[in-house]
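Per-entry structural report
Chain residues, written in single-letter form:
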Amino acid sequence: MTTLRPSSRLLSRFDTSRPYICPSCVRRLNTQQRPALNLESSSILRPLRRPRQTRLLRTAAGQNSAETVTPFRKQLKDEAKAKKLAAKAEGPGGKTSKKSKNPRLEKWELTVGIEIHAELNTARKLFSRATTSISEEPNTHVALFDAAFPGAQAQFQKATLLPALRAAIALACQVQKRSSWDRKHYFYQDQPNGYQITQYYEPFARDGSITLYDHDGIDPADGQSITVGIKQIQMEQDTAKTIL
């Protein structure tokens, strides 16, 4: 029986004292212009990796600015507190002095205007022959124009002008010889038409006044009476009562 023995040259290939390096891998690395490898080194070859580049989302300047910036709301609160402390310091006895004047407001005069709505005591509505009511059920007295029925036209009721003229005379207004109606377009649940018929540019009465006396509850600083001017009196289509 013949025993086959491997040659020394074959055994040298499987020598475990040195790591095995594939020749094709070496050629591939050389073609890619990689750094020369030390084949005599006993370390295991590993794929080359590029060092990671870390990117900072927040710079040093941003961190410092975030620490020093004060919120705008806090600035407003601090300013309001400073004004209160300054006002208390100026007033007698630690209280705010009402007589102290702001030099920036000395050239200005406060003017407050109010708009008062009053329902006319009439049997019909302003632009329809439907009767007026307060205690009736909703949608009881509704004409085609009130419901914005297509093609329905407004019909001005002359009887509604009489109580409006009485109010204009009582408030010493000048009744105009010419007046007109305007459309005010806006959406609201009490306006099915999508607009309101009102007077603004040419109302039927202008330039009135009313005098209030001390028994009416006016400020004692105003004396025994005060006269309030009235710019204009106008008629307009509006709901007297809205129920949702």
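Details of the structure are given in the entry above.
Notes on the structure in this doc start here. Computed from a predicted structure; not experimentally measured.

1. Side note on the pattern of salt bridges
Taken as a whole and assessed by the stated rule, the structure comprises three salt bridges. Salt-bridge contacts for Lys125 lead to Asp146; the nearest nitrogen and oxygen are separated by 3.3 Å. Taken together, the residues span a long stretch of sequence, with Lys125 in the loop between α4 (72-90) and α5 (161-170) and Asp146 in the loop between α4 and α5 at a distance of 21 residues. Classification of Lys125 by relative accessible area gives partly exposed; the value is 25%.

2. Details of the packing of aromatic side chains
Enumeration according to the criterion identifies four aromatic pairs in this entry. Consider the rings of Phe156 and Trp181, whose centres lie 5.7 Å apart with planes at 55°: the pair is tilted. Residue Phe156 is located in the loop between α4 and α5, and its partner Trp181 is located in the loop between β1 (174-175) and β2 (182-185); the two are separated by 25 residues in the primary sequence. Judged by its relative accessible area of 34%, Phe156 falls in the partly exposed class. Pairing Tyr200 with Tyr201 gives two aromatic rings, centres 5.1 Å apart and planes at 90°, and the pair type is edge-to-face. By the ring-pair criterion, three or more aromatic residues cluster together here, those being Phe127, Phe156 and Trp181.

3. Some points on a nonpolar patch on the surface
Judged by side-chain polarity, Leu110, Val112, Ile114 and Ile116 come together as a nonpolar surface patch covering roughly 550 Å² of accessible area. Among the secondary structure elements, Val112 is positioned in the loop between α4 and α5. Residue classification places Val112 among the exposed positions, given a relative accessible area of 67%.

4. Considerations on a positive patch on the surface
Residues Arg73, Lys77, Lys81, Lys84 and Lys88 make up a contiguous surface patch of positive charge. Tracing the sequence through the fold places Lys84 in helix α4. Residue Lys84 is classed as exposed on the basis of its relative accessible area, which comes to 59%.

5. What to know about the nonpolar core
Judged by nonpolar contacts, the single largest core of 13 residues is most densely connected at Ala168, Cys173, Phe204, Ala205 and Ile233. Every element with two or more residues in this core is listed here: α5, β3 (195-198) and β5 (225-233). Once residues lying within four places of it in the same chain are set aside, the contact partners of Ala205 are Ala168, Cys173, Gln174, Val175, Gln176, Gln232 and Ile233.

6. Some thoughts on unusual backbone geometry
In this structure, Ala148 is a non-glycine residue whose phi angle is positive, near 60°. Mapped onto the fold, Ala148 is located in the loop between α4 and α5. For Ala148, a relative accessible area of 26% corresponds to the partly exposed category. Look at Asp207: it is not a glycine, yet its phi comes out positive at around 50°.

7. Remarks on the sheet that holds β1
Reading across the sheet, the three strands line up as β1-β4-β5 and stay open at both edges, with antiparallel pairing between neighbours. Unpaired on one side and paired on the other, β1 and β5 mark the two borders of the sheet.

8. Looking at α5
Turning to α5, its buried residues are Pro163, Ala164 and Ala168. Seen end-on, α5 carries its buried residues on one side only, within an arc spanning 145°. Residues of α5 that are exposed and angled more than 90 degrees away from the buried face: Arg166, Ile169 and Ala170. The positive-phi residue at the C-terminal boundary of α5 is Ala172, with phi of around 55°.

What counts and how
- Residues numbered from 1 in each chain as written.
- Predicted model: local features only at pLDDT ≥ 70, side-chain atom pairs only at ≥ 80, totals over all residues.
- Heavy atoms only, no water.
- Salt bridge = Lys/Arg side-chain N within 4 Å of Asp/Glu carboxyl O.
- Helix = DSSP H or I, 4+ residues; strand = E, 2+ residues; numbered from the N terminus.
- Buried < 20%, exposed > 50% of the residue type's maximum accessible area, 1.4 Å probe, protein only.
- Phe/Tyr/Trp six-rings, centres within 6.5 Å; stacked < 30°, edge-to-face > 60°.
- Patch = residues over 30% accessible without salt bridge, like charges linked within 9 Å, V, L, I, M, F, W, Y side chains within 5 Å.
- Areas by Shrake-Rupley, 256 points an atom, 1.4 Å probe, with all protein chains shown as cover.
- Lys, Arg positive; Asp, Glu negative; His and termini not counted.
- Charge placed at Lys NZ, Arg CZ, Asp CG, Glu CD.
- Core = buried A, V, L, I, M, F, W, Y, C linked by side-chain atoms within 4.5 Å.
- Contact = heavy atoms within 4.5 Å.
- Pairing = 2+ DSSP bridges.
- Arc of directions from axis to C-beta.

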